[in-house]
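# Remarks on the overall topology
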Amino acid sequence: MQELSRRHFAGTAAGATASLWLAGSRTAWASPADDWPSPHAPDVYERTVRAAAMRWRRLPTGWQDAPFLANGHLGAQLYRGAAANTLKLMISHTEVQDQRGQWRGGTGYSRLPVGYFTLTLAGEITAADWTLDPYDAELRGTLTTARGSLTFTALVQNDTGALLVSTRPSAGEESAAWSFHWLQAATTRLIDKPADYTPNPAPRVGAGFVEQPLLAGGGWTTAWREQREGTGRLLAAQLVYRFPGDVRQATADAVRAVDRALATGPDRLAARHRAWWHAYYRRSFLSVPDKRLQAFCILQLYKLASTTRAQGPTLSEWGPWYPEVGNSWTAVWWNLNVQIGMPAVNGTNHPELDSVTQAFRRFEKNLSASVPAAYRDGHSYALGHPSDWQLRAGDTYDVGVPGSDRVSDNFGNLTWALHNVWLSYRHSMDLATLRDVVYPILARAINFYAHFLHEGGDGRLHLLTTRSPEYADAADCTYDLSLIRWGVRTLIDSARLLRVDDPRARQWQDIAARLTPYAQDPADGVMIGKDVPLADSHRHHSHLLWLYPLRERKWDRPGDRDVMRRSLAHWTSMQSAWHGYSEVLALAVHRVGRHPAVGDGVAAAARRANHSRSTTGSPARWTYGTGTAARCPGTRRGRAGSRYGCRAARQRWSPRAVLPPPGARGTYRRTVRPSPGGCRPDPDARRTALAYGQSVASPTGRRIARCGMPASGNSGPYAT
């Protein structure tokens, strides 16, 4: 096979490919004009998003560098197959999981592999020219082989979840054919794997379907069928998961769904699919002089909408693209991953992706199972990890007990996750979210913590030993104290706003008044906990949650400034254990300070990292803003592309987030539609030229606050 050039961003699509897809065909759907993305297109959204298209001139070799399609449920990736004349189309689904709750969530509720389609060609593949168009959420391309060529286009249809792949071979490749290969329905997790674990049984294979039963009942079916017209072919596939239920019903539903997709016709399905994605991009917009960086931001929006939807599973470690080999990251992690992955749905004005709020709204009843049996008083909640997307961490697993021999880093999971829900409330100002989700669940999360607070000789309330995530055990652990302090303050303010005469308010007020301050070192700032300093590099910012995202301290208050500076400087002085997301979090923490003296080294390091990545790897390997903490396609493990290497757009578009070189000037624009809560965009939020380090401001000099969030970023549901 001849050497293929490296993948790069494309300014135009392959005209030969686009011209083949004509409206009215039973095996293809209409493609954009041959000259997309035209620099003269009248619609700025279409022009800008299409300009972010990615192009492959080298055949991708695996999930790390393959193009990716998804609708928040079904995911697909296309890359080189096992033989030189094959392509592999790996499929996965965010709902496909085991249902054996007798084990801990990572095993008992583990995500499970599905399988892949293989496209077998007559000749060995010699060249590739593929384009992933984020505006239409479609993959189009051409394969050249030793016998001929084949053009294709593929999408995962947004509302039906149908996988559609249209192919048209040239002379010599008419025999190109698809086949499906199932993967064993067993967890890939090796950590703490039970000795009595057994895989699920082999599937029942029929004509055009594979029916996979689960030992716990239910299961899923993958069904497919090809439609032909002349030399053109259209592959339609569907996956239906049923639990509880009869897997035979899943088979019947999947086969009907395939028939329905083919009967509807590719043009109608593509039109509905494109309409959703085109409207999606109109809800947020960013324009910066660095078009490569701008394209990267747009691709994170594409990735975010591909990964999750409000009514579906929240962000898991792999998103919809569970790889063939898998690993031990088989579920949902609540000690950082979800919390830093999901805030972008608010700052980019996409509540339709807010699966975290909906998870707590729908599955609150499962939270009591993570509370140790001795503390299941009917008034306490906790959240263990790993869990599945329905907040189940396993029937026999709980978060442990502070101050005992069963200390874990799970105690703060729930309260931190509820901060994400609170952010959603602040952006929408939807009181139903505060009243029905944040307030009742947070009250029970704080009640669980209250069991382990005790009065010390100093009259303060102290916390028994807990664990700072990924670091060390400590009494008066800063991570937990900061979440307790935010929680009680938010509950007090929420009760007042909701006009609730809550008898628990007296306890919350007492905790807020007497909770012990964070342990501090005179030189190094806030410590991990009592008598536990930050002595080594720590990739997690757990001991700095009070600074970000809880924003307990303010740079404008002289009494806060010194401890903010010392704490951040000490954490960022030791970076040997950092991953890509550590740099992103450091930038977010740095931004809270709003002062050049805070985090200069962090900003410089991140700027160097970002610029070096722009020349050494695909844009999908960059880290940017606080975003998707998933093992996303286009990333590789390591400093230049950590296992958390892909990040969605940051909560606020600002020069501090994108880190241009000092002195650079740029134009930033964010388009905001009125929220359901009635918030209106700032009428002065027009294009504004900004120097590096400045806040986003209107021409009148006012800062442009996010819709529903005061510019100050204060804590409390009605802080101003």
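What counts, and where the lines are drawn
- Residues numbered from 1 in each chain as written.
- Predicted model: local features only at pLDDT ≥ 70, side-chain atom pairs only at ≥ 80, totals over all residues.
- Heavy atoms only, no water.
- Helix = DSSP H or I, 4+ residues; strand = E, 2+ residues; numbered from the N terminus.
- Buried < 20%, exposed > 50% of the residue type's maximum accessible area, 1.4 Å probe, protein only.
- Contact = heavy atoms within 4.5 Å.
- Areas by Shrake-Rupley, 256 points an atom, 1.4 Å probe, with all protein chains shown as cover.
- Polar contact = N/O pair within 3.5 Å; in protein donor to acceptor, adjacent residues only side chain to side chain.
- pLDDT = per-residue confidence, 0-100.
- Core = buried A, V, L, I, M, F, W, Y, C linked by side-chain atoms within 4.5 Å.
- Phe/Tyr/Trp six-rings, centres within 6.5 Å; stacked < 30°, edge-to-face > 60°.
- Pairing = 2+ DSSP bridges.
- Axes fitted to C-alpha atoms, helices over the stretch in contact; angles between N-to-C directions.
- Arc of directions from axis to C-beta.
- Salt bridge = Lys/Arg side-chain N within 4 Å of Asp/Glu carboxyl O.

This part is about the overall build of the protein chain. Helix and strand content of the protein chain: 17 helices and 23 strands. Expressed as a percentage of its 720 residues, the buried residues of the protein chain come to 64%. Contacts in the protein chain between residues at least 24 apart in sequence constitute 68% of all its contacts with a sequence separation of at least 6. Carbon and sulfur atoms make up 52% of the accessible area of the protein chain, which amounts to about 25200 Å² in all.

Bringing the environment of Ser-567 into the picture now. Summarising the element assignment, Ser-567 is placed in helix α14 (residues 558–572). Separated by 47 residues in the primary sequence, Ser-567 and Gln-520 place their C-alpha atoms 8.9 Å from one another. The contact partners of Ser-567, leaving out residues within four places of it in the chain, are Asp-524, Gly-525, Val-526, Leu-544 and Trp-546.

Our next topic: the side chain of Asp-398. Structurally, Asp-398 can be placed in the loop between α9 (355–363) and α10 (413–428). Assessed through its relative accessible area of 14%, Asp-398 is described here as buried. At 2.9 Å, the side chain of Asp-398 forms a polar contact with the backbone nitrogen of Gly-400. Within the structure, Asp-398 has its side chain in polar contact with the side chain of Arg-406 (distance 2.8 Å). The residues touching Asp-398, leaving out its near neighbours within four places in the chain, are Ala-369, Ser-370, Val-371, Pro-372 and Arg-406.

This part takes up the side chain of Thr-221. Tracing the backbone shows Thr-221 in strand β14 (residues 219–229). With a relative accessible area of 0%, Thr-221 lands in the buried category. Here Thr-251 takes part through its side chain, which lies 2.7 Å from a polar atom of the side chain of Thr-221. Setting aside its immediate chain neighbours within four residues, Thr-221 contacts Phe-209, Val-210, Glu-211, Gln-238, Leu-239, Val-240, Val-247, Ala-250, Thr-251 and Ala-254.

Of all residues in the protein chain, 78% attain a pLDDT of 70 or more, and the chain-wide mean is 82. Residue range residues 1–21 is modelled with pLDDT below 50. Its contacts to residues more than four positions away, or to other chains, number 70 contacts.

Next up on the list: the nonpolar core. Membership of the largest hydrophobic core comes to 145 residues, with the highest contact counts inside it found for Trp-130, Leu-163 and Phe-360. If one sorts the elements of this core by residue count, helix α11 (residues 431–450) sits on top with eleven residues. Not counting the four nearest positions on each side in its chain, Leu-163 is found in contact with Leu-74, Ala-76, Leu-89, Ile-91, Phe-117, Leu-155, Val-156, Leu-235, Ala-236 and Ala-237. In terms of nonpolar packing, the next biggest core, distinct from the first, is built from 16 residues, Ala-162, Leu-164, Leu-269 and Ala-270 among them.

On to unusual backbone geometry. For the bond from His-385 to Pro-386, the omega torsion is 0°, close enough to zero to count as cis. By the element assignment, Pro-386 lies in the loop between α9 and α10. Here Tyr-548 and Pro-549 are connected by a cis peptide whose omega angle stands at 15°. Here Pro-549 shows up in the loop between β21 (525–526) and α14.

Attention shifts here to the packing of aromatic side chains. This structure, assessed with the given rule, holds 30 aromatic pairs. Measuring from centroid to centroid gives 5.6 Å for Trp-277 and Tyr-280, while their planes differ by 75°, and the two rings are edge-to-face. Of the two residues, Trp-277 and Tyr-280 are both situated in helix α5 (residues 266–281); the distance of three residues between them amounts to about one turn of the helix. We classify Tyr-280 as buried; its relative accessible area is 2%. Arranged with centres 6.1 Å apart and planes meeting at 35°, the rings of Trp-277 and Tyr-281 form a pair that is tilted. With Trp-277 and Tyr-281 both in helix α5 and four residues apart, this pair spans about one turn of that helix.

With antiparallel pairing, the five strands of this open sheet are ordered in space as β3-β4-β5-β6-β11. At either margin of the open sheet sits one strand with a lone partner, and together these are β3 (68–70) and β11 (177–182). Shown here is a sheet whose adjacent strand axes are inclined to one another by a mean of 20°, direction ignored. Both strand β5 (residues 86–93) and strand β6 (residues 115–120) contribute to a ladder of six bridges, which runs antiparallel. Looking across to β6, one finds that Thr-86 is bridged to Thr-120.

Glancing now at the environment of Ala-369. Topologically, Ala-369 is positioned in the loop between α9 and α10. Ala-369 gets classed as partly exposed once you look at its relative accessible area, which sits at 33%. Between the C-alpha atom of Ala-369 and that of Asp-395, which follows or precedes it by 26 residues, the distance is 6.8 Å. If near-sequence neighbours (up to four positions away) are discounted, Ala-369 is found in contact with Arg-376, Tyr-397 and Asp-398.

Let us now look at helix α13 (residues 505–514). Every buried residue of α13 is accounted for by Ala-505, Trp-508 and Ile-511. The arc that holds every buried residue of α13, seen down its axis, measures 120°, which confines them to one face. Of the exposed residues in α13, the ones pointing more than 90 degrees away from its buried face are Arg-506 and Ala-513. If you follow the buried residues of α13, they end up packed against α11, β16 (453–455), β17 (461–463) and α12 (478–498).

Counted under the stated rule, the structure contains 33 salt bridges. With a closest N to O distance of 2.5 Å, Arg-50 and Asp-133 form a salt bridge. Taken as a pair, Arg-50 in helix α2 (residues 44–50) and Asp-133 in strand β7 (residues 125–133) lie far apart in primary sequence, 83 residues in all. Within this structure, Glu-46, Arg-50, Asp-133, Asp-136, Glu-138, Arg-140 and Arg-274 form a network of salt bridges that share partners.

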